[in-house]
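Results of the structural survey
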Amino acid sequence: MKLMYISDGEMCLFDGADARVIPSQRVDQYARTLRELEQQHAWKTEGEGAKFMHKVNPYANAAERQRGVVTGLAPYRDGVLYAVDLGRTGGVYTKDPLSPEEPEGLVTSAVGLHAQDFAVCGDGFYLAMHEGAQRHIAHMDPATGNYEFLTEGDTLERHPFPSKDGRSIHFDMCGFARNEQQQLTARGPSAIVSLNLISGDIREVYADAGTEYLKYTESADGTQRMLVRPYQEKRRGSNPLGCLLAPFSAIAGFIYLFSSLNNARKGKEPPMSSSGAEAAQQREQPLYIDDVAIDPKQIAREQAHSKDDYPGLIPRDWTLQRILGDGSLEVVQRGVLDYLPLQDDGYIYSNGAHVFRVDASGARSHLFKAHLATDFILLGE
């Protein structure tokens, strides 16, 4: 098994025995450029002859503060497609992860281009792309880098999944509210919707005011799954009377996400200090994923109750569920951050700290340890 994934903004490869980082040449070049700019401007603020003594170098520690991150992965030919976010700019590139030193190929790159959530379909792929403050579903031709938005409006959508016949796409979306000044005040729950590519119609598949439905998939054998978790209202501002709540229906509402631009920026745990007091305080800091604050004390209580040999970072009510024939849902795994369906009716999933494989019988095997692993893809399949 050769499994690729994103962890803390970096591409990683698990070869069946060990997991390692696969460097992005584009991200490395971006970091080198920022360090060169820091050195070029150092004379202005450092040394006895500094022209602007006691001023701040605008590029000081920029390589660490503005670190480029990998935001999406997809299998492509004998390698992968991957997306990077470099702050104001972004791009999509090709790479051979088994020969990471080989030159990478450029698919497209532009100011304001931020892509994620790839789904391969035929010779092209679907993805979620930022367009200003919105995020829409688009189709891209990797041979030319040309892309076409399939959805529009003041919305944000994620996780496109094309049907087997290529006539429709499932994806998740949610609603939000703005105040009288059109400032964002709250976000509603995500719902699963289906876009008919022939007629352009959108229908709501799964939606509930108290539940988030995310990342619908369908396995080769027809098994349908999605992530399900309780909805926690996200609200900005201190004046609830100024909030003109839009309907939380995914189709009627609009979408916005407060947190980072991509999965790769899901809240990292703070680095641990050598100080015991500081370390304890850091362990009490919440972990933010998709703008949801996860209480570490709640996770600790759940871990003690479940007695799992491989404790995770995700609440147990964040579940992976299977859609049954009558449309009802069945919980198949708890504490799930992300997952990948397999052809044998099994799946791979992450609990935020470890990655597992579950076979068709439900038997679980531990694969490796990884921090907030997402965007799994299998190479050679």
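The structure reproduced in this document is the subject of the present report.

About the thresholds
- Residues numbered from 1 in each chain as written.
- Predicted model: local features only at pLDDT ≥ 70, side-chain atom pairs only at ≥ 80, totals over all residues.
- Heavy atoms only, no water.
- Pairing = 2+ DSSP bridges.
- Helix = DSSP H or I, 4+ residues; strand = E, 2+ residues; numbered from the N terminus.
- Axes fitted to C-alpha atoms, helices over the stretch in contact; angles between N-to-C directions.
- Phe/Tyr/Trp six-rings, centres within 6.5 Å; stacked < 30°, edge-to-face > 60°.
- Buried < 20%, exposed > 50% of the residue type's maximum accessible area, 1.4 Å probe, protein only.
- Lys NZ or Arg CZ within 6 Å of the ring centre and 35° of its normal.

**Here we look at the sheet that holds strand S6 (residues 89-95)**
- An order of S4-S5-S6-S7 is seen for the four strands of this open sheet, with the pairing classed as antiparallel. In this open sheet, the two strands that pair with only one neighbour each are strand S4 (69-76) and strand S7 (105-111). Shown here is a sheet whose adjacent strand axes are inclined to one another by a mean of 15 degrees, direction ignored.
- Pairing analysis gives seven bridges linking S4 to strand S5 (residues 79-85), with the strands arranged antiparallel. By the bridge assignment for S5, Pro75 is matched with Val80.

**Here's the deal with the packing of aromatic side chains**
- Applying the stated criterion to the full structure yields 11 aromatic pairs.
- An angle of 85 degrees between the planes, with centres 5.7 Å apart, marks the rings of Tyr147 and Phe149 as edge-to-face.
- Since its relative accessible area comes to 38%, Tyr147 is described here as partly exposed.
- Phe149 sits in the partly exposed class, given a relative accessible area of 24%.
- One aromatic cluster is present, formed by Tyr5, Phe14, Phe368 and Phe376 through successive ring pairs.
- We note Lys215 situated over the ring of Tyr339; from NZ or CZ to the ring centre the distance is 5.9 Å.

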